[in-house]
Amino acid sequence: MKALHFGAGNIGRGFIGKLLADAGIELVFADVNQTVLDALNARHEYPVHVVGENAQVEIVKGVSAVNSTSDDIVALIAEVDIVTTAVGPQILERIAGGIAKGLAKRSDSGNVRPLNIIACENMVRGTSQLKQHVLNALPQQYHAWTEQHVGFVDSAVDRIVPPSEAGSSDPLEVTVETFSEWIVDKTQFNGPLPSIPGMELTDNLMAFVERKLFTLNTGHAITAYLGQLAGHQTIREAILDEKIRTIVKGAMEESGAVLIKRYGFDAGKHADYIEKILSRFENPYLKDDVERVGRQPLRKLSAGDRLIKPTLGTLEYHLPHTNLVLGIAAAMHYRSDQDPQAQELVGLLDKLGPQATLVQVSGLDAGSDVVAAVVKAYHAMP
Ligand SMILES: NC(=O)C1=CN([C@@H]2O[C@H](COP(=O)(O)OP(=O)(O)OC[C@H]3O[C@@H](n4cnc5c(N)ncnc54)[C@H](O)[C@@H]3O)[C@@H](O)[C@H]2O)C=CC1
Ligand SMILES: O=P(O)(O)OC[C@H]1O[C@](O)(CO)[C@@H](O)[C@@H]1O
């Protein structure tokens, strides 16, 4: 079996690429970072530091790399069995053109072996969104062939992989937590289901996607935003701050109450899931900056993402959302010189003020109580 993975970054090298290579699949990374590409092609292996209890260094072997903007992509997509991505939601549209060209070549060359494409991003049904971008870029004459021979498989991906502290001396070294979860929608595969240790198959993906995105990512984002406001540098420092921990736990419980209503989760097991997440945030072996976890605040404040979607759920089921409101207000205070979305947020706040900014970014109703509550909390924050 052969795989092409877009995005040789933290999750690419530290999680998805590692699982594929460990399963004995011949793996090619596609990226745009020339330093990483050159190092992968020079060494064909890299170290993954798994930290926590039973810490160890694992070497991922037998990998190579291509530039994702080159024509190498087209030939690879015509021949591989699996395509995966971990590039960030905003990059999916950019890689869709290359994937479309590859599918056209695959069809023209008569390759009818099943191909499955799996986006591994923090998004609800990210692969389905990638599919739309690919179909937009693909000439109509290839659409029926693509429907017949290509599976677009949605997934949920969970492993905390911050940029490695050793990254400046070794561009390939990556540090990961012990925990990992990769869950894919088994109803969307083309051909036989693959057996890849570490990849779990489900026919109930939405429950897993929402459970992860609206618990871990909701709590993580709020830890980052409140942590930055309180002057903490890392997620660990922030979650050990009792005032922040209480709000973060409260927000995950508010979001959890929605998930329990919507998907019938067991309340006790969900409480354990929240406790496990809090302990993962405390991981003393990971240095995860609040600035990284809060990155791209406009995406994180959008209607379908980890702050607003759970809040909309609380409105739907008439449930409390006090802590989620504090998290949203804190997100509006996020600042980063490195992050264009943080600059844009500041520009919007200067031009429109907090109420209109929130309405524009989140799609919440201008006259709603929840918007008024966020604006009040926003002004009350330092
Ligand atoms: N880091 C983490 O702990 C987790 C991240 N995720 C998700 O995984 C995705 C990737 O996140 P990270 O690995 O943290 O980011 P990252 O920034 O470490 O990696 C992204 C990689 O994509 C590459 N890239 C950018 N444009 C590209 C293009 N046009 N073609 C090919 N490669 C391109 C970058 O050079 C970089 O190597 C995001 O959607 C994130 O939300 C999900 C779960 C955990
Ligand atoms: O990668 P995003 O969507 O910007 O958000 C950062 C989040 O992703 C992760 O990197 C992995 O789930 C978390 O650490 C964090 O909640």
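Because the structure is a prediction, the values reported are computed rather than measured. (Residues numbered from 1 in each chain as written. Chains lettered and ligands numbered in written order. Predicted model: local features only at pLDDT ≥ 70, side-chain atom pairs only at ≥ 80, totals over all residues. Heavy atoms only, no water.)

Engineer: Please explain the pairing of strand 9 (residues 155–158) as it appears in this structure.
Structural biologist: Within a regular strand, side chains alternate between the sheet's two faces. Burial along strand 9 is two-sided: Ser155 and Val157 facing one way and Ala156 and Asp158 facing the other are all buried. In this sheet, strand 11 (residues 181–185) lies alongside strand 9 in antiparallel orientation, the contact comprising four bridges. Counterpart to Ser155 in the pairing with strand 11 is Val184. (Buried < 20%, exposed > 50% of the residue type's maximum accessible area, 1.4 Å probe, protein only. Helix = DSSP H or I, 4+ residues; strand = E, 2+ residues; numbered from the N terminus. Pairing = 2+ DSSP bridges.)

Engineer: Explanation requested: the sheet that holds strand 9 in the structure shown.
Structural biologist: The pairing of strands in a sheet happens through backbone hydrogen bonds and is either parallel or antiparallel. With respect to topology, three strands assemble into an open sheet ordered 9-11-12, the strand pairing being mixed. At either margin of the open sheet sits one strand with a lone partner, and together these are strand 9 and strand 12 (199–202). Across this sheet, the average inter-strand angle for adjacent strands is 20 degrees, counted without regard to direction. (Axes fitted to C-alpha atoms, helices over the stretch in contact; angles between N-to-C directions.)

Engineer: What is the right way to look at the site of ligand 1 in this model?
Structural biologist: Near ligand 1 you find 24 residues, and of these Ile11, Asp31, Ser68, Glu121 and Val161 are the closest. Contact distances for ligand 1 include 2.8 Å between an oxygen atom and a backbone N or O atom of Ile11. Burial of ligand 1 by the protein amounts to 85% of the accessible area it has alone, namely 820 Å². The set of elements that each furnish at least two residues to the shell around ligand 1 consists of helix 1 (10–22) and strand 2 (26–31). Classifying every residue of the shell around ligand 1 gives 13 nonpolar, six polar and five charged. (Near = heavy atom within 4 Å. Polar contact = N/O pair within 3.5 Å; in protein donor to acceptor, adjacent residues only side chain to side chain. Areas by Shrake-Rupley, 256 points an atom, 1.4 Å probe, with all protein chains shown as cover. Nonpolar A, V, L, I, M, F, W, Y, C, P; charged D, E, K, R; others polar.)

Engineer: Explanation requested: the site of ligand 2 in the structure shown.
Structural biologist: Contacts to ligand 2 come from Asn122, Lys212, Leu216, Asn217, His220, Arg292, Val293, Arg295, Arg299, Lys300 and Arg306. In the environment of ligand 2, an oxygen atom lies 2.7 Å from a nitrogen or oxygen atom belonging to the side chain of Asn122. Note that an oxygen atom of ligand 2 is positioned 2.7 Å from one of the side-chain N or O atoms of Asn217. Contact with the protein chains covers 93% of the free accessible surface of ligand 2, which is 380 Å². Of all the secondary-structure elements, those providing two or more residues to the shell around ligand 2 are helix 7 (205–229), helix 11 (290–293) and helix 12 (297–300). Among the elements that line the shell around ligand 2, the one with the most residues is helix 7, at four residues. Grouping the amino acids of the shell around ligand 2 by side-chain chemistry returns two nonpolar, three polar and six charged.

Engineer: Got a minute to help me understand the packing of helix 9 (residues 242–263) against helix 10 (residues 267–281) in this structure?
Structural biologist: How two helices sit against one another is set out by the angle between their axes and by the gap between those axes. The N-to-C vectors of helix 9 and helix 10 enclose an angle of 145 degrees; their axes lie 10 Å apart at closest approach. For helix 9 against helix 10, the interelement crossing comes out right-handed. Here helix 9 contributes Arg245, Val248, Lys249, Met252, Glu253, Gly256, Leu259 and Ile260 to the contact with helix 10, which in turn contributes Ala267, His270, Ile274, Glu275, Ile277 and Leu278. Here the contact of helix 9 with helix 10 is built from residues that sort into eight nonpolar, two polar and four charged. (Left-handed = near helix turned anticlockwise from the far one by under 90°. Contact = heavy atoms within 4.5 Å.)

Engineer: I keep staring at the domain arrangement of the protein chain and nothing clicks. Help me out?
Structural biologist: Think of interface size as the accessible area that goes away when the parts come together; that is how it is often given. Each assigned domain of the protein chain is listed here: domain 1 (2–202) and domain 2 (207–380). When each unit is reduced to the centre of its C-alpha atoms, the spacing between domain 1 and domain 2 is 28 Å. Counting from both sides, the interface comprises 24 residues of domain 1 and, opposite them, 23 residues of domain 2. When domain 1 packs against domain 2, the two sides together hide about 1,900 Å² of surface, and 62% of this comes from carbon and sulfur. Considering only the side of domain 1, the residues that lose the most area to domain 2 are Asn122, Val124 and Ile160, jointly responsible for 27% of the buried surface there. Scanning the region where domain 1 abuts domain 2 turns up three salt bridges. Among the salt bridges present, the one from Arg280 reaches Glu177, with a minimum N-O distance of 2.5 Å. Where the side of domain 1 that touches domain 2 is concerned, the elements lending two or more residues are strand 9, strand 10 (174–177) and strand 11. In terms of residue count, the dominant contributor to the side of domain 1 that touches domain 2 is strand 9 (four residues). Within the side of domain 1 that touches domain 2, the residues separate by chemical class into 13 nonpolar, six polar and five charged. (Domains from an automatic or database assignment. Buried area = accessible area lost by both parts, 1.4 Å probe. Salt bridge = Lys/Arg side-chain N within 4 Å of Asp/Glu carboxyl O.)

Engineer: What should I look at first to understand the nonpolar core in this one?
Structural biologist: Soluble globular proteins tend to pack their nonpolar side chains together in the buried interior. The biggest cluster of nonpolar side chains holds 50 residues, and the ones touching the most others in it are Ile222 and Leu307. Once residues within four sequence positions are removed from consideration, Ile222 is found in contact with Gly227, Ile247, Val248, Ala251, Leu307, Asn323, Leu324 and Gly327. Of all hydrophobic cores here, the second largest spans 34 residues; its members include Ala3, Ala39, Val50 and Ile118. (Core = buried A, V, L, I, M, F, W, Y, C linked by side-chain atoms within 4.5 Å.)

Engineer: Got a minute to help me understand the packing of aromatic side chains in this structure?
Structural biologist: Two descriptors summarise a pair of aromatic rings, namely the distance from one centre to the other and the angle between the planes of the rings. Counting across every chain of the model gives three aromatic pairs. Geometrically, the ring pair formed by Tyr225 and Tyr334 is edge-to-face, given 5.4 Å between the ring centres and 80 degrees between the ring planes. Taken together, the residues span a long stretch of sequence, with Tyr225 in helix 7 and Tyr334 in the loop between helix 14 (322–331) and helix 15 (340–362) at a distance of 109 residues. Classification of Tyr334 by relative accessible area gives buried; the value is 1%. Above the ring of Tyr273, the side-chain terminus of Arg211 is found at 4.1 Å from the ring centroid. (Phe/Tyr/Trp six-rings, centres within 6.5 Å; stacked < 30°, edge-to-face > 60°. Lys NZ or Arg CZ within 6 Å of the ring centre and 35° of its normal.)

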